[in-house]
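Observations on chain architecture
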Amino acid sequence: MIGLLSFVLAVLASPFKSRIRLEAENAVLRHQLVVLRRRLHGRVRLTNNDRWFFILLYRWFPSILRAVTVVRPETLLHWHRSGFRCYWRWKSRSLGGRPQIEAGLRALIRQLSMENPLWGAPRIHGELLKLGFEVAQSSVAKYMVKRRGPPSQGWRTFLRNHAPDIAAMDFFVVPTIGFDLLYAFVIVRLDRRDLVWINVTRNPTAEWVARQITEAFPWDEAPGYMIRDRDRIYGSVVTRRLRAMGIRDKPTAPASPWQNGFVERLIGSIRRECVDHIIVLGEMHLRRVLKSYADYYNCVRTHGSLNKDAPVSRPVQRTGVISSLAILGGLHHRYARV
C-alpha cells in the first residue's frame with residue numbers, strides 16, 4: 001500500500017519536474033532494470049561501471065536517490081565519498097622533486113625550535129648536520145615553530161639563570177616545654193634549595209643576625225642578592241654587613257610573605273617534618289634537632305623542584321643491599337645500598 005501511494009505521488013509530481021531531471025531518473029530506473037536482468041542467483045552484483053554510473057548521476061542530480069532501489073542511499077553516498085578521496089589522493093601524489101622529510105625529523109625540528117627560542121634556521125640546521133641528518137636549511141625553516149613576536153625566554157628559564165645568585169633569610173618562632181619562645185634563623189639558596197645556615201637564639205639582635213650572615217657565607221661565596229622581609233630586627237648593622245660583603249639587600253613589600261616564598265616553604269617543611277613532632281626542652285636541644293634536620297634536608301630529602309634529587313645531589317645506587325638509618329630518632333630514615 002505504501003509503495004503504491006509513493007508511486008501515485010511521484011506520478012502527480014512529475015509534471016512539475018524539469019525535463020533533464022526526469023531524464024536522469026529514467027536513466028537510473030532503466031539501468032537498474034539492466035542490473036536486475038544480469039542477476040542470476042542471490043544478491044545483485046554491481047560492477048565498477050555500474051557504481052561509476054550511479055555516482056556521476058548523483059553528483060549532477062542528487063535527487064536520484066529517491067529512484068535508486070537496488071542499493072541503499074547510504075551505500076551510494078559511501079561510494080561517492082570513497083571516489084572523492086581516491087581522486088584527491090591521485091591529485092596529491094608525488095610527481096618527483098625533493099623527497100619528503102620523515103615525521104620523526106619534522107618532530108625533531110619542532111622540538112629544537114621550541115626548546116631554543118633564540119635559535120634560527122641556520123643554527124638548527126647546523127645542529128641537525130652534527131646529529132647526522134642530511135636536510136636543507138629551507139626545509140628546516142619550513143617546519144620550525146612559527147612565532148608571532150620576537151623570540152624570548154620563559155619565566156622558568158629566566159629565574160633558573162638568576163637563582164644561583166639569590167639567597168633568602170627569615171625567622172620563625174618555636175615554643176619550648178616551659179612556654180618560652182626561641183627564634184630560629186634560616187638562610188636558603190634559591191638555586192638548589194639548600195639550607196645554607198640555621199641557628200637558634202633567645203634574644204635576636206641586628207648584631208647577631210649580621211654575625212650569622214658572615215658565618216653562613218665565606219667572603220668569596222656570598223650571593224649577589226638577599227631577600228628578606230621588613231622586620232625591624234634587620235637594622236642598619238645588617239644592611240651595612242650585606243653591603244660590605246657585596247650582597248644587594250632586597251626587602252619584600254609590606255605584608256607580602258609570598259614574595260619570599262622559597263624560605264616560607266622551607267620554614268613550613270621544618271615545621272611539618274620536624275618541630276611539630278618534638279617538644280623542645282631548650283635552646284641547645286632545638287639547635288641540635290635543627291642541625292640534624294638540616295643535614296637530612298640537604299643530603300637526603302628529595303625535592304620535586306629538583307627532579308626528585310636532594311640539594312646536595314645524591315648518586316643513583318643500583319647494586320648492593322638496602323640499609324636503613326634512622327634520623328631524628330626514627331622520625332625520618334635514610335636508605336642506601338651497601
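Below, the structure is looked at part by part. Along every chain, residues carry numbers that run from 1 in the direction the sequence is written. Reporting in this predicted model follows two pLDDT cut-offs: at least 70 for local features of residues, and 80 or more for side-chain atom pairs to be given and counted; totals over whole chains, interfaces and linings ignore these cut-offs and use all residues. Heavy atoms throughout the structure, all of them, feed into the side-chain values; hydrogens and water do not.

Turning to the overall build of the chain, a few remarks are in order. Secondary structure elements are taken from DSSP: a helix is a run of H or I of four residues or more, a strand is a run of E of two residues or more, and numbering for both begins at the N terminus. Helix and strand content of the chain: 12 helices and seven strands. Burial classes: relative accessible area under 20% of the type maximum marks a residue as buried, over 50% as exposed, and values in between as partly exposed (1.4 Å probe, protein chains only). Taking all 338 residues of the chain together, the buried fraction comes to 33%. We call two residues contacting when some pair of their heavy atoms lies within 4.5 Å. In the chain, once contacts between residues fewer than 6 apart in sequence are set aside, the share between residues at least 24 apart is 51%. Only the protein chains shown count as cover for residues, and the accessible areas themselves come from Shrake-Rupley with a 1.4 Å probe. Accessible surface computed for the chain: about 22,700 Å², of which carbon and sulfur atoms make up 56%.

Let's shift gears to the nonpolar core. F172, V186, I270, L286 and L290 are the most contacted members of the largest nonpolar core, which totals 30 residues. Within the residue set of this core, elements represented by two or more residues are β1 (166–175), β2 (181–189), β3 (195–201), α11 (261–273) and α12 (283–299). Here this core gets seven residues from one element, more than from any other, and that element is α12. Apart from residues no more than four positions distant in its own chain, L290 is found in contact with F172, A184, I198, V200, I270 and V275. For our purposes a nonpolar core is just a set of buried Ala, Val, Leu, Ile, Met, Phe, Trp, Tyr and Cys residues, chained together by side-chain atoms within 4.5 Å. F171, A206, V238 and L242 belong to the second largest nonpolar core, which has 19 residues in total.

Here we take up unusual backbone geometry. For F179, which is not glycine, the phi torsion reads 65 degrees and is therefore positive. You will see that K308, though not glycine, has its phi angle at about 60 degrees, which is positive. Along the chain, K308 turns up in the loop between α12 and β6 (322–327).

In this section: the pairing of β3. Of all seven residues making up β3, six are buried, and the element is well covered by its neighbours. Any two strands with at least two DSSP bridges between them are considered paired. The sheet contact formed by β2 and β3 spans six bridges and is antiparallel. Considered in β3, the bridge of V186 is made with I198. As consecutive antiparallel partners, β2 and β3 are separated by five residues, and within that stretch R193 has a phi angle of approximately 60 degrees, a positive value.

Further remarks concern the environment of V289. Within the secondary structure, V289 is located in helix α12. Of the residues examined, V289 reaches a relative accessible area of 9% and is grouped as buried. Here the alpha-carbon distance between V289 and V275, two residues 14 residues apart in the chain, equals 8.4 Å. Leave out the neighbours within four places in its chain, and V289 touches C274, I278 and L328.

As a further point, take the packing of aromatic side chains. Each Phe, Tyr or Trp ring, with Trp reduced to its six-membered ring, pairs with another whose centre is within 6.5 Å; inter-plane angles below 30 degrees give stacked pairs, above 60 give edge-to-face pairs, and intermediate values give tilted ones. A complete count under the given rule lists six aromatic pairs for this structure. Geometrically, the ring pair formed by F171 and F185 is tilted, given 5.0 Å between the ring centres and 45 degrees between the ring planes. Of the two residues, F171 is situated in strand β1 and F185 in strand β2; the sequence distance between them amounts to 14 residues. Judged by relative accessible area, F171 falls into the buried class, the value being 15%. Given the relative accessible area of 0%, F185 is considered buried. An angle of 40 degrees between the planes, with centres 6.2 Å apart, marks the rings of F171 and Y234 as tilted. Separated by 63 residues along the polypeptide, F171 in strand β1 and Y234 in the loop between β4 (225–228) and α10 (236–244) bring together distant segments of the chain. Like Y234, F171 is buried. A network of ring pairs unites the aromatic residues F171, F185, W208 and Y234 as a single cluster. Directly above the ring of W119 sits R123, whose terminal nitrogen or CZ lies 3.9 Å from the centroid. Note on geometry: a ring has a charge over it if NZ (lysine) or CZ (arginine) is within 6 Å of the ring centre and within 35 degrees of the ring normal. Here the basic side chain of K291 rests over the ring of W197, its NZ or CZ set 4.7 Å away from the ring centre.

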